[in-house]
Every structure is written in C-alpha cells, then in structure tokens.
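Here is what each chain is made of, one letter per residue.
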Amino acid sequence: MSKTFEFKSNGKFTVSVDEHYVKIQPKGFANFVNKGGSKGEKSIPIKSITAIQFKEPGMTTGYIQFAYSGSTETKGGSLSAVKDENSITFNKKELAQAKEFVELIESYRQIENTASIQPAASVADELKKFKELLDEGILTQEEFDAKKKQLLNI
C-alpha cells in the first residue's frame, strides 16, 4: 500500500512510500534552482537505505535526508539539505507529517530487514542433508566424513 505526503513550504515535494520504494518528486521554482534543474522523480529502494537523518525545524528549516549505498551524504546541515536530491525539507507546520513519513519508512525497513534474515541451519540439519546425499550415492563416504569433520570442527 502506497501513502503520499505533500510538503509545500520550504521547497515543494510530493513523496510517496510503499513497502519497496521511497519516491521523491521535487516541484516548484525553488527546487528547480536549488537542485540543479532536476524535475524527475527519484526512487530509492527501501532495502538500500542505510540511514535516515531527521532534523526538526527550529531557526532553520527541518529536513529528512536519506543515505544509501552509492549516495553522497551532505554534511552542511539545512543549507546543504536544500540542494541535496536525497533530502526533503519542511517547516514547523509540517513536522507531524514529516515524523509520520519517517516512521512509515522505518517500519518498512524493519519488515525488509526481518524478511532478509534467514535462520541458520543447525549442524544436525546440515549433517542430515549430507547423509541423504551419501545415501543417494551423490557423495562418497570419504566426502561425507570430511564434511562431517568440518561441520563438527573435529
């Protein structure tokens, strides 16, 4: 299920998130100037996001910045976030919406990370698998014995 958010203050953004992607669509003249004329939608796979930096608005604008493999993370705070294609800026009125957006992404990241963790096979399960291969004649007794020693650290 996809959910769309509109940030209309400090630069205009339409952003959507589903279980697989975060999609950022900068809009308006300010974003055209600040982000180098970029008009296209940026899609970031949820599974590739390594970090989300969240800064609440105060004296300056707030921002959400995404880091992922292959991206360049800006280090200049709000002033750099305004120009960064991996950032969304927002003001105090949009703070609750920005928090909801980040929480939704984090929940999808949690699901993605949990789904990618495979339970490790136990030594007993591995031995059973190799015993079946031995019984089927796919492995020789010597190959089975070598694998058994390896698995049992003998």
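This one's a predicted model, so the numbers in the text were calculated from it and none came from an experiment.

So, how was this worked out
Residues numbered from 1 in each chain as written. Predicted model: local features only at pLDDT ≥ 70, side-chain atom pairs only at ≥ 80, totals over all residues. Heavy atoms only, no water. Helix = DSSP H or I, 4+ residues; strand = E, 2+ residues; numbered from the N terminus. Buried < 20%, exposed > 50% of the residue type's maximum accessible area, 1.4 Å probe, protein only. Contact = heavy atoms within 4.5 Å. Areas by Shrake-Rupley, 256 points an atom, 1.4 Å probe, with all protein chains shown as cover. Phe/Tyr/Trp six-rings, centres within 6.5 Å; stacked < 30°, edge-to-face > 60°. Pairing = 2+ DSSP bridges. Axes fitted to C-alpha atoms, helices over the stretch in contact; angles between N-to-C directions. Salt bridge = Lys/Arg side-chain N within 4 Å of Asp/Glu carboxyl O.

A. Molecular detail of the overall build of the protein. Counting its secondary structure elements, the protein contains five helices and seven strands. The order of α-helices and β-strands along the protein, N terminus first, is β-β-β-α-β-β-β-α-β-α-α-α. Looking at the protein as a whole, 34% of its 154 residues are labelled buried. Pairs at least 24 apart in sequence give 47% of the contacts found in the protein among residues at least 6 apart. As presented, the protein carries roughly 9600 Å² of accessible surface, and 54% of it is formed by carbon and sulfur atoms.

B. Geometry of the packing of aromatic side chains. Across all of its chains, the model carries five aromatic pairs by this definition. Between phenylalanine 66 and phenylalanine 101, the ring centres sit 6.2 Å apart and the planes meet at 90°, which makes this aromatic pair edge-to-face. Residue phenylalanine 66 is located in strand 6 (residues 62–68), and its partner phenylalanine 101 is located in helix 3 (residues 95–116); the two are separated by 35 residues in the primary sequence. The pair phenylalanine 66 / phenylalanine 101 is uniform in exposure class, with both members buried. Chaining the aromatic ring pairs together yields one cluster made of Phe5, Phe7, Phe54, Phe66, Phe90 and Phe101.

C. Expanded view of the sheet that holds strand 3 (residues 21–27). Taking strand neighbours across the sheet as the criterion, the four strands line up as 1-2-3-4 in an open arrangement whose pairing is antiparallel. The open sheet terminates on both sides in strands that have one partner only, identified here as strand 1 (3–7) and strand 4 (42–45). Neighbour-to-neighbour, the strand axes of this sheet turn through a mean angle of 15°, independent of strand direction.

D. Structural context of the pattern of salt bridges. A complete count under the given rule lists six salt bridges for this structure. In this structure, glutamate 100 and lysine 3 form a salt bridge, with 2.4 Å as the shortest nitrogen-oxygen distance. One end of the pair, glutamate 100, is in helix 3; the other, lysine 3, is in strand 1, and 97 residues separate them in sequence. The closest approach of N and O atoms between lysine 129 and glutamate 126, which form a salt bridge, is 3.4 Å. Within this pair, lysine 129 and its partner glutamate 126 are both found in helix 4 (residues 123–135), separated by three residues, close to a single helical turn.

So, to be careful, I would describe these as geometric facts and stop short of saying anything about function.
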